[in-house]
Amino acid sequence: MAGRFVLGCGMWMYDALSKFAAPDRHRAFRKKGVRQIEPTLRQDGLTGGVTYYDGMTDDARLTLETLLDAQNAGAKVLSYARVRSFVEDETGAVQGVQISDVLDETSTATLLAKVTVNSTGPWSDLVLRLLRHNQPAPLVRPTKGVHIVVDAARLPVQHAVVMTVPKDGRIIFAIPWTDPESSAASRTVIGTTDTDYHGDPDRIASDAADIDYLLDAANHYFPDTQLVPADVLSTWAGLRPLVMPPSDGLDASSVSREHRILSRPGLLTIIGGKLTTYRRMAAQLLSEAYKQLQIDEPPCATNDRPLPGAKDIAPQTDETDPVATLRDELLQKNAPGIDRQVAHHLAATYGVRARVIVDQLVQKLASGDSEAGERLDPELPFLYIEVDQAVTADLAVRLDDVLSRRLPLLLLARDQGLGCVDKVCARIGNVLGWSSERRQSERLHYQDVVALSRQWRSVPSGK
């Protein structure tokens, strides 16, 4: 671990590179100060520390808000559409794709386009194998990242704590996933791992070795906690679509996180990159598309374009917090079921779109739908009115969409949402007109999703 002087120099560079735009500059602490702000942190060898500002986001919600903005701009969003083949002319130029509905393989369509974009992340190589002409060599080196979630009462951290793993020197984090209105709903996230992956990207999951790795590191830095596998409430795993390095020998953590755009007639493929630069990546991708179209590129508005939930929201200042302001506005509506915890969740999750949800709740309750104001889980702030929102406005198609990504009980609930599956499935089914067979299929599918996230429990790590 870097000493205090080196760390301090690095923090000044960090502040400068961010143009001092963070809410505040970094702060340095001696040992006593660190103990005051993180009392459970290991004391052996501790000489001091620093705090600095970074950002965090809900990646599923960010993706959804981006899709909703695209839809508002005229895009047609087709969830669960699978590319079956490319439409190519005799020279190999791509003219579109043939797709099918994952939920109904008999439903197919041909989509023609002057430029087709392949932005399928870890599936990029699998998609490119569908080309009939000039298939490229593998472009992606997928690496697996695993996070685990524990009750905040078991690992109470007030800040995102940076930890250097003793066994390999990698950096991981213990991150508070805090509900400011309820300690019972607060969690701590530990992660992430970084290992090469060669399996099915549709069945990515944590294994026991991943869990042991993260728990061992957390217990080293928080020795009084002594987390055990039984403390793990949930896990999630994802794949980084890293650009294949030009030579062998690099370990997974050393592979570049930069992105790359590949162009061939009628087709653009983007791989690599990070969530934090997704707007810049998109802008560069569009520039390449305009080159193929041979038309002048219009001005790009992405630097200033808010996502739907942030439109017309009051900017944050030293005196005001836009989420707190919106929370208080929602509370003033005095809608049954909307307490401070729920109001904060709605404001932080949906932004200004939360106003519509509360208005819909009032209408549902007036019509006799008392379930609309009930919680899916007694600890968590998710309401059944949000299930309606998920399938009518937020593009959810499956039960898994709702419980894993729109209302993430899969990650936050102690039972991972299994206790409310029947009621949620019934509500979705009533809105979308599901048959009894479809409802049973959706329940079984979600149970499989939960089982996949828990399969590490039945596979020993060899420790």
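Thresholds applied
Residues numbered from 1 in each chain as written. Predicted model: local features only at pLDDT ≥ 70, side-chain atom pairs only at ≥ 80, totals over all residues. Heavy atoms only, no water. Helix = DSSP H or I, 4+ residues; strand = E, 2+ residues; numbered from the N terminus. Rg over C-alpha atoms; globule rule 2.2 N^0.38 Å. Buried < 20%, exposed > 50% of the residue type's maximum accessible area, 1.4 Å probe, protein only. Contact = heavy atoms within 4.5 Å. Areas by Shrake-Rupley, 256 points an atom, 1.4 Å probe, with all protein chains shown as cover. Lys, Arg positive; Asp, Glu negative; His and termini not counted. Charge placed at Lys NZ, Arg CZ, Asp CG, Glu CD. Disulfide = S-S within 2.5 Å. Core = buried A, V, L, I, M, F, W, Y, C linked by side-chain atoms within 4.5 Å. Pairing = 2+ DSSP bridges. Axes fitted to C-alpha atoms, helices over the stretch in contact; angles between N-to-C directions. Polar contact = N/O pair within 3.5 Å; in protein donor to acceptor, adjacent residues only side chain to side chain. Salt bridge = Lys/Arg side-chain N within 4 Å of Asp/Glu carboxyl O.

Draft legend 1. Just the overall build of the protein chain, in detail. Looking only at helices and strands, the protein chain has 14 helices and 14 strands in total. For 463 residues, the compact-globule formula gives about 23 Å, and the C-alpha radius of gyration of the protein chain, at 24 Å, lands near that figure. Taken along its principal axes, the extent of the C-alpha atoms in the protein chain is 70 × 65 × 50 Å. Burial analysis of the protein chain (463 residues in total) assigns 44% to the buried set. Here the analysis covers contacts within the protein chain between residues at least 6 apart in sequence; of these, 62% occur between residues at least 24 apart. For the protein chain, the accessible surface area stands at approximately 24500 Å², while carbon and sulfur atoms represent 53% of it. Between the averaged position of the 52 positive side-chain charges in the protein chain and that of its 60 negative side-chain charges there is a distance of 3 Å.

Draft legend 2. Examining the state of the cysteines more closely. Tallying each qualifying case throughout the model produces zero disulfides. Not engaged in a disulfide, the cysteine cysteine 425 finds its nearest cysteine sulfur in cysteine 420; these two sulfurs lie 11 Å apart. Taking the relative accessible area as the measure of exposure, cysteine 425 reaches 0% and is therefore buried.

Draft legend 3. Representation of the nonpolar core. Counting 43 residues, the largest nonpolar core has Ile338, Leu346, Leu376, Val402 and Val424 as its most contacted members. When residues of this core are traced back to their parent elements, those giving at least two are helix H7 (322-331), helix H8 (340-350), helix H9 (354-366), helix H10 (384-392), helix H11 (399-406), helix H12 (409-412), helix H13 (421-432) and helix H14 (436-454). Among the nonpolar cores identified, the runner-up in size contains 30 residues, and Leu155, Ala217, Tyr221 and Ala237 belong to it.

Draft legend 4. Spotlight on unusual backbone geometry. Following glycine 191, the chain continues into threonine 192 via a peptide bond in cis, with omega recorded as 15°. By secondary structure assignment, the location of threonine 192 is in the loop between strand S10 (187-191) and strand S11 (195-196). At asparagine 134, a residue that is not glycine, the phi angle is positive and equals roughly 55°. Of note in the backbone geometry, glutamine 294 takes a positive phi value of approximately 55° without being a glycine. Assignment of secondary structure puts glutamine 294 in the loop between helix H6 (278-293) and H7.

Draft legend 5. Main features of the sheet that holds strand S5 (residues 104-112). Sheet architecture is open: three strands sit in the order S3-S4-S5, paired in antiparallel fashion. The open sheet has two edge strands, strand S3 (81-88) and S5, and neither has a second partner. Put simply, the sheet's adjacent strands are angled 25° from each other on average, direction ignored. Where S3 and strand S4 (residues 94-101) come together, seven bridges link them in antiparallel fashion. The partner of glutamate 88 across the bridge, within S4, is valine 94.

Draft legend 6. Region of interest: H7. The complete set of buried residues in H7 reads Pro322, Ala324, Leu326, Arg327 and Leu330. Structurally, the start of H7 carries an N-cap: the backbone nitrogen of valine 323 is 3.0 Å from a side-chain oxygen of aspartate 321.

Draft legend 7. Fine view of the sheet that holds strand S13 (residues 259-264). Taken in spatial order, the three strands of this open sheet run S6-S14-S13, and their pairing is mixed. Looking along the sheet, the strands with just one partner apiece sit at the ends: strand S6 (116-118) and S13. Taking the axes of each pair of neighbouring strands and ignoring which way they run, one obtains an average angle of 20° across the sheet. One ladder, built from three bridges, connects S6 with strand S14 (residues 267-272); its direction is parallel. When the sheet's bridge partners are listed, threonine 116 is paired in S14 with leucine 267.

Draft legend 8. Fine view of the pattern of salt bridges. One pass over the full model with this rule turns up 36 salt bridges. Glutamate 65 is the partner of arginine 353 in a salt bridge, and the nearest nitrogen-oxygen pair spans 2.8 Å. Taken together, the positions of arginine 353 in the loop between H8 and H9 and glutamate 65 in helix H3 (residues 59-72) put the pair 288 residues apart, joining distant regions of the chain. Like glutamate 65, arginine 353 is buried. Between arginine 305 and aspartate 69 there is a salt bridge, and its shortest N-O distance comes to 2.6 Å. In this pair, arginine 305 is assigned in the loop between H6 and H7 and aspartate 69 in helix H3, connecting sequence segments 236 residues apart. Members of the salt-bridge network, linked through shared partners, are Lys364, Asp369, Glu371, Glu374, Asp388, Lys423 and Arg427.

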